[in-house]
Amino acid sequence: MSEARDQRSFFREVERDYWAAAEGLKPEERALIEAHLDRDGVTLEAGTGGGRIVRAMAALGFTRLAGFDFAPELIDAARRADAAGAIDFRVADATALPYGDAEFDQALYLQQIVCTIESRGGRRAALAEAARVLRPGGVALFSFLCLEGRERSTVQRAYVAYLRALRRVRGSQREPQLMPRLRLRGRVNPGALRDAGPYTYWYRAAEAAAELEGAGFRVKGLACGPDAAQGALFGDATRLLAEGELDQTLYVVARRAAD
């Protein structure tokens, strides 16, 4: 396999054990779920991994739950952890979902699943599919890797500048915001200094909102992790960047536009 292993192999081989064993909700995830989702709604989680989020939602009283992931090993782990078999877990690709139009009342695209898709067309296809399977007016929670939050760190800002300079020297045509993972299995990834994959895409806040709008969503609010955990959302990216507490994860609450 090439040095820049693809995302599917990365999650099936390198990060499989981490995602299969992860448990519980982050404070910001719980706050968003409790504030914006309906316990009686038909709910889909994208990139479910080992089922961490939907199993925690079941414990909170959500009963009509489904989750998908493109790694069969992770779906096997999710099914084993769901002893009652109450959650509909499937192997599926976010860019071509096996669900019907408007099949779900609400959806979760957390854990930065869209950012793991390396092609711009693939990311847009995943957002379009998210809108397609959600009923008009249905709520979706998204998280994205946030470039503005990353650039607040002096070290991270220096790495981003280094990477851009390296690509200029090499004449690389790779998108500037598509960057190597700095850690693999919890350890520093030395390949990141060579611009070796796998890669994730870092969105600017306004860009993420615009991509969602283009896919058929209406953005209700945005926040990075610290504000999201407190239930605070900002109406647009400009306010978020001016008033919010930024970190490297951007959360967006959106509704599918009415037909």
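Going by the structure above, here's the rest.
In this text the structure is predicted, and so the values were computed from the model without any measurement. Note on numbering: residues in each chain are counted from 1, in written sequence order. Reporting in this predicted model follows two pLDDT cut-offs: at least 70 for local features of residues, and 80 or more for side-chain atom pairs to be given and counted; totals over whole chains, interfaces and linings ignore these cut-offs and use all residues. Excluding hydrogens and water, the side-chain figures rest on all heavy atoms present in the structure.

Where do I start with helix α6 (residues 120–132) in this structure?
Residue pairs spaced three or four apart in an α-helix point in one direction, given the helix's 3.6 residues per turn. Think of it this way: any DSSP run of H or I at least four residues long counts as a helix, any run of E at least two long counts as a strand, and we number them from the N terminus. Here the expected span of a helix is defined as 1.5 Å times the quantity of residues minus one. Given a rise of 1.5 Å per residue, 13 residues ought to cover 18 Å, and the 18 Å separating the end C-alpha atoms of α6 matches this to within 8%. The rule is simple: take the accessible area with a 1.4 Å probe, protein chains only, and divide by the maximum for that residue type; under 20% is buried, over 50% is exposed, in between is partly exposed. Regarding α6, the residues found buried are G122, R123, A126, L127, E129, A130 and A131.

In this structure, what is going on with helix α5 (residues 72–81)? I would like to understand it.
Among the residues making up α5, those that are buried are L74, I75, A77 and A78. Along the axis of α5, the buried residues cluster in a sector spanning 160 degrees; they form a single face. Comment: arc refers to directions from the helix axis out to C-beta atoms.

For this particular structure, what's the right way to read the nonpolar core?
The nonpolar side chains of a soluble globular protein tend to be buried, and buried together. One finds F68, Y109, F142, F144, F217 and L250 to be the most contacted residues of the largest nonpolar core, which totals 54 residues. L65, F89, L108 and Y251 belong to the second-largest nonpolar core, a separate cluster that totals 21 residues. For our purposes a nonpolar core is just a set of buried Ala, Val, Leu, Ile, Met, Phe, Trp, Tyr and Cys residues, chained together by side-chain atoms within 4.5 Å.

I tried to follow the packing of aromatic side chains on my own but got confused; where do I start?
Within a pair of aromatic rings, the relevant descriptors are the distance that separates the centres and the angle that separates the planes. Pairing of aromatic rings covers Phe, Tyr and Trp, the last through its six-membered ring, and needs centres within 6.5 Å; plane angles under 30 degrees mean stacked, over 60 mean edge-to-face, and all others mean tilted. Using the criterion set out here, one finds 8 aromatic pairs in the structure. Taking the centre distance of 5.1 Å and the plane angle of 85 degrees together, the rings of Y99 and F104 count as edge-to-face. The pair Y99 / F104 is uniform in exposure class, with both members buried. Between F142 and F144, the aromatic rings sit 6.0 Å apart at their centres with planes inclined by 15 degrees, giving stacked as the arrangement. An aromatic cluster of three or more residues is present, and its members are Y109, F142, F144, Y201, Y203 and F217. One Lys or Arg, R123, reaches over the ring of Y201 and ends 3.7 Å from the middle of that ring. A cation over an aromatic ring shows up here: R150 above the ring of W202, its NZ or CZ 4.3 Å from the ring centre. Only lysine NZ and arginine CZ atoms are considered, and such an atom sits over a ring when it is within 6 Å of the ring centre and within 35 degrees of the ring normal.

How should the packing of α6 against helix α9 (residues 205–215) be read in this particular structure?
Packed helices, taken two at a time, are described by the angle their axes make and the gap between the axes. Lines fitted to the C-alpha atoms define the axes, with helices restricted to the stretch that makes contact. Angles between their N-to-C directions range from 0 to 180 degrees. Contact pair α6 / α9: the axes reach a minimum separation of 8 Å and the direction vectors enclose 55 degrees. Considering their axes alone, α6 and α9 lie oblique with respect to each other. Judged by the twist between their axes, the crossing of α6 over α9 is right-handed. Across the interface between the two elements, R120, R124, L127, A128 and A131 of α6 pack against E207, E211, L212 and A215 of α9. Residues are grouped as follows: Ala, Val, Leu, Ile, Met, Phe, Trp, Tyr, Cys and Pro are nonpolar; Asp, Glu, Lys and Arg are charged; all remaining types, including Gly, are polar. In terms of residue class, the contact of α6 with α9 is built from 5 nonpolar, no polar and 4 charged. An angle counts as roughly parallel when it lies under 35 degrees, as roughly antiparallel when it exceeds 145, as roughly perpendicular when it falls between 65 and 115, and as oblique in every other case. Here is the rule for handedness: rotate from the far helix to the near one, and if that takes an anticlockwise turn smaller than a right angle the crossing is left-handed, while a clockwise turn gives right-handed. For this analysis, residues touch if any pair of their heavy atoms sits within 4.5 Å.

Treat this as a map of the structure, not an account of what it does.
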